[in-house]
Amino acid sequence: MDLNQVAVPVSDVERSIAFYKKLGLRLIVKALPDYARFECPEGDSTFSVHQVKDRKTEGDTWLYFEVQDLDNYVHELIKKGVEFEELPNDKDWLWRESRLKDPDNNQIILYFAGNNRK
């Protein structure tokens with residue numbers, strides 16, 4: 001079995017498209033106003049957002065994107081105006097992580113795990 005994609009509920013697909021493109025994901029399907037799908041810059045995984053009418057929950061979805069050169073990648077995103085809750089730092093579980101929220105308050109973790117990926 002292999003994971004093809006993950007779809008995340010959002011309140012505004014167009015706003016989410018702009019956000020995830022800024023993170024470096026490549027838009028491959030744009031079916032406004034209901035759906036968009038992205039390709040990750042590395043590997044075969046894809047990521048989708050889908051429109052929901054009532055987005056009441058916060059923090060149910062956590063998305064992990066692995067980045068080889070995390071510190072420089074975060075620095076480049078900051079220059080583009082992306083705001084972070086947590087800058088890159090080493091965790092007890094041997095990953096280096098940085099955290100931010102998407103426009104619908106989904107938690108995004110950009111990380112580098114090296115040999116400790118799984």
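Residues numbered from 1 in each chain as written. Predicted model: local features only at pLDDT ≥ 70, side-chain atom pairs only at ≥ 80, totals over all residues. Heavy atoms only, no water.

J.: Is there a simple way to explain helix α2 (residues 70–79) in this structure?
T.: Every α-helical turn comprises 3.6 residues, leaving residues that sit three or four positions apart pointing alike. Buried within α2 we find Leu70, Val74 and Leu77. Seen end-on, α2 carries its buried residues on one side only, within an arc spanning 60°. Of the surrounding elements, those touching the buried residues of α2 are α1 (13–23), β6 (86–90), β7 (96–101) and β8 (107–112). One or two steps after α2, the chain reaches Gly81, where phi turns positive at roughly 95°. (Buried < 20%, exposed > 50% of the residue type's maximum accessible area, 1.4 Å probe, protein only. Helix = DSSP H or I, 4+ residues; strand = E, 2+ residues; numbered from the N terminus. Arc of directions from axis to C-beta. Contact = heavy atoms within 4.5 Å.)

J.: Even after reading the chapter, I still don't get unusual backbone geometry, so can you show me in this structure?
T.: Excluding glycine, a negative phi dihedral is what most residues carry, and trans is how most peptide bonds are arranged. Along the chain, Leu32 connects to Pro33 via a cis peptide bond; the corresponding omega equals 5°. By secondary structure assignment, the location of Pro33 is in the loop between β2 (26–31) and β3 (35–39). Although it is not a glycine, Leu94 adopts a positive phi angle of roughly 75°. Looking at where Leu94 falls in the secondary structure, it is placed in the loop between β6 and β7. Although it is not a glycine, Asn105 adopts a positive phi angle of roughly 65°. Mapped onto the elements, Asn105 comes out in the loop between β7 and β8. What makes Asn105 partly exposed here is its relative accessible area of 31%.

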